[in-house]
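Breakdown of the fold
One-letter residues, chain by chain:
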Amino acid sequence: MSEVRIKIGPKTYPIACGPGEEKQVAKLGALIDEHYAKLGDARAPLEAQNIVFAALFMADELSEARSSASDAHANLAEVQQELQRAKDDAANAEKQAQSRIDEQKEKAGGKKTELREEIETLRKAEERARKDNDKLKAEIAEMQESARHQHDMFGGPAEDAALSEVLVEKLEALAKRAEATASKLEGQAGSH
């Protein structure tokens, strides 16, 4: 056991304490002496009463400190609840935003697939139009070739002219169809 001497007002008191507690006991004694000094001229005739008054000052400060700590603890609990609500709101907002992003991605993916299918359909149509065009050109060339070598027994130049007009009309219609298909493909490919 150790002993520390503390001075409170005009008197010094020996206080027993455990080893290593000397500084803390001396610090507390100084605190009591500080409150004792607050009594000033209002000191009571008995020294014990003065120490009780000093202890009352300290008890009042301790009570205020506990009350403040309790208020701070209650405020902290409220702040923690508000913080949790804010975290929950942020998490919900993030989930909603992610959900909207996922919906937009899904819509965009569906539209992309739809556009690819449409482009593929147009490519096939263009390929068919080219094949038809090539076929008609081959037929025309064949007809022209056979007309050159044919010795017409039943007809004359007027029928050849009528046949040529029909062929020209068919060629022009085919060319217009091919141009329309190509324009449509170019327009759709440019807008995607």
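Residues numbered from 1 in each chain as written. Predicted model: local features only at pLDDT ≥ 70, side-chain atom pairs only at ≥ 80, totals over all residues. Heavy atoms only, no water.

Right, let's talk about the overall build of the protein for a bit. From N to C terminus, the protein includes three helices and two strands. Secondary structure elements of the protein occur, N-terminal to C-terminal, as β-β-α-α-α. Counting the 192 residues in the protein, one finds 14% classified as buried. As displayed, the protein offers around 15200 Å² of accessible surface, 55% of which is attributable to carbon and sulfur atoms. (Helix = DSSP H or I, 4+ residues; strand = E, 2+ residues; numbered from the N terminus. Buried < 20%, exposed > 50% of the residue type's maximum accessible area, 1.4 Å probe, protein only. Areas by Shrake-Rupley, 256 points an atom, 1.4 Å probe, with all protein chains shown as cover.)

Another aspect to go through is the pairing of strand β1 (residues 2-8). Of the two faces of β1, the one holding S2, V4, I6 and I8 is buried and the one holding E3, R5 and K7 is not buried anywhere. With seven bridges joining them, β1 and strand β2 (residues 11-17) adopt antiparallel strand pairing. Bridge pairing links E3 to A16 in β2. What sits between β1 and β2 in their antiparallel hairpin is a turn of two residues, with G9 showing a positive phi close to 65°. (Pairing = 2+ DSSP bridges.)

Counting eight residues, the largest nonpolar core is built from V4, I6, I8, C17, V25, Y36, L39 and A54. For this core, the element with the most residues is β1, which contributes three residues. (Core = buried A, V, L, I, M, F, W, Y, C linked by side-chain atoms within 4.5 Å.)

Our next topic: the pattern of salt bridges. A complete count under the given rule lists five salt bridges for this structure. Across the pair E61 and K38 runs a salt bridge whose closest N-O atoms are separated by 3.4 Å. One end of the pair, E61, is in helix α2 (residues 47-149); the other, K38, is in the loop between α1 (22-37) and α2, and 23 residues separate them in sequence. E61 gets classed as partly exposed once you look at its relative accessible area, which sits at 37%. Of the charged contacts, one joins E126 and R130 as a salt bridge, the two residues approaching to 2.6 Å between their closest N and O atoms. With E126 and R130 both in helix α2 and four residues apart, the pair spans about one turn of that helix. The class of E126 is buried, set by a relative accessible area of 19%. (Salt bridge = Lys/Arg side-chain N within 4 Å of Asp/Glu carboxyl O.)

On to the environment of G20, then. Relative to the elements of secondary structure, G20 occurs in the loop between β2 and α1. Sequence separation of G20 and M1 is 19 residues, and the distance between their C-alpha atoms is 9.7 Å.

Right, let's talk about α1 for a bit. End to end, α1 covers 23 Å across 16 residues, agreeing with the expected 22 Å (1.5 Å per residue, within 8%). Within the sequence span of α1, burial applies to V25, G29, H35 and Y36. Buried residues of α1, seen end-on, are gathered within an arc of 120° and therefore sit on one face of the element. Facing away from the buried surface of α1 by more than 90 degrees, the exposed residues are K23 and K27. (Expected span 1.5 Å × (residues − 1). Arc of directions from axis to C-beta.)

All right, on to the environment of Q24 then. Position of Q24 among the secondary structure elements: in helix α1. The spatial distance from the C-alpha of Q24 to the C-alpha of V4 is 10.0 Å, given a sequence separation of 20 residues.

Moving on: the confidence of the model for the protein. The predicted model of the protein averages 82 in pLDDT, with 89% of residues at 70 or higher. Put simply, helix α3 (residues 157-191) is where the protein has its lowest mean pLDDT, 76, and β1 is where it has its highest, 91. (pLDDT = per-residue confidence, 0-100.)

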